[in-house]
Amino acid sequence: SLPAKLINGGIAGLIGVTCVFPIDLAKTRLQNQQNGQRMYTSMSDCLIKTIRSEGYFGMYRGAAVNLTLVTPEKAIKLAANDFFRHHLSKDGKKLTLLREMLAGCGAGTCQVIVTTPMEMLKIQLQDAGRIAAQKKLMAAQAQLSSSSAAGAAEPAVETRTTATQITRELLRSKGIAGLYKGLGATLLRDVPFSIVYFPLFANLNKLGQKDPNVKAPFYVSFLSGCVAGSTAAVAVNPCDVIKTRLQSLQRGVNEDTYSGILDCTKKIWQKEGPMAFLKGAYCRALVIAPLFGIAQVVYFIGIAEFLLGMLPKRQA
């Protein structure tokens, strides 16, 4: 049933995000830093420096936005894929690869309704610590190079903003369109991701089914979700880098700004080289693999059916 699908997708999203959010934060910061202003050399370096400067919970900046919106996002994604697969199948016959890809395309298109504002807000909160650390470092260097240290100004203390404050400011200045900045780049990432992920998962999962009418074991669904998720994540990572750069409202010292997808692609290619499009790829693979593995296990086990089954039945 649709309510069961929505509950399963929501539970899966909450569990997955809680487990992998620190890696996602590292991915955002690695993707946003540009040549000449590098604060972090790797995922582990980013996480260690984040803990030192912002504390353990600094790794979860922006998690509240994700935990709030990941339920409808994952629910829409998984339920939409099932919906399109159902309507694209003819008389219950096996879907062709093209139809599976079309179903994934439909799911990816539907989810951006929630994904775009969620990513927009999350990125601002995740990257704020990097920009603040960069400004403190620049201020410290300026203070050391100053001939009169006594007259040097103290480094500014970071003022933490919340998702609510960012939302209000965007709505006040740009309207609802402000929350959907980077919509085109989000579509460019999520639609190909779903086109790759859902058919690959479905076919990998079938390998573990002894009977077509019986669900595959949970570990098969988990491994299938991990493999399909990480493969799709790496495949669309260049689009994710572009999306992350476009959705960042604040920039570090001497960092480029971008007017659109083409301008962003051109500047990254010219100034940072083609390998810059793979920034954070392994982080993204580490985020997506368990996230979708857990999502598919919860979804296929059907926790929602169990919970709904415990509700008292209405008497006729």
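Residues numbered from 1 in each chain as written. Predicted model: local features only at pLDDT ≥ 70, side-chain atom pairs only at ≥ 80, totals over all residues. Heavy atoms only, no water.

What follows concerns the overall build of the protein. Each helix and strand in the protein was counted, giving 11 helices and 0 strands. Ordered by position from the N terminus, the helices and strands of the protein form the series α-α-α-α-α-α-α-α-α-α-α. Residue burial in the protein is summarised as follows: out of 316 residues, 48% are buried. Across the protein, contacts joining residues at least 24 apart in sequence account for 81% of those joining residues at least 6 apart. (Helix = DSSP H or I, 4+ residues; strand = E, 2+ residues; numbered from the N terminus. Buried < 20%, exposed > 50% of the residue type's maximum accessible area, 1.4 Å probe, protein only. Contact = heavy atoms within 4.5 Å.)

Here we take up the nonpolar core. Counting 30 residues, the largest nonpolar core has Met 43, Phe 193, Tyr 197, Ile 288, Leu 291 and Phe 292 as its most contacted members. For this core, the secondary structure elements donating two or more residues are helix 1 (2-32), helix 2 (43-54), helix 3 (63-88), helix 6 (183-207), helix 7 (218-235) and helix 10 (281-301). Top element by residues in this core is helix 1. It accounts for 6 residues. Those residues in contact with Tyr 197 that lie beyond four places of it in its chain are Gly 225, Ala 228, Gly 229, Ala 232, Phe 292 and Gln 296. (Core = buried A, V, L, I, M, F, W, Y, C linked by side-chain atoms within 4.5 Å.)

Mapped onto the elements of the fold, Ser 224 is located in helix 7. Among the polar contacts listed, one links the side chain of Ser 224 to the backbone oxygen of Val 220, at a separation of 2.7 Å. Sequence-distant contacts of Ser 224, that is, excluding residues within four places in its chain, are made with Phe 201, Leu 204 and Asn 205. (Polar contact = N/O pair within 3.5 Å; in protein donor to acceptor, adjacent residues only side chain to side chain.)

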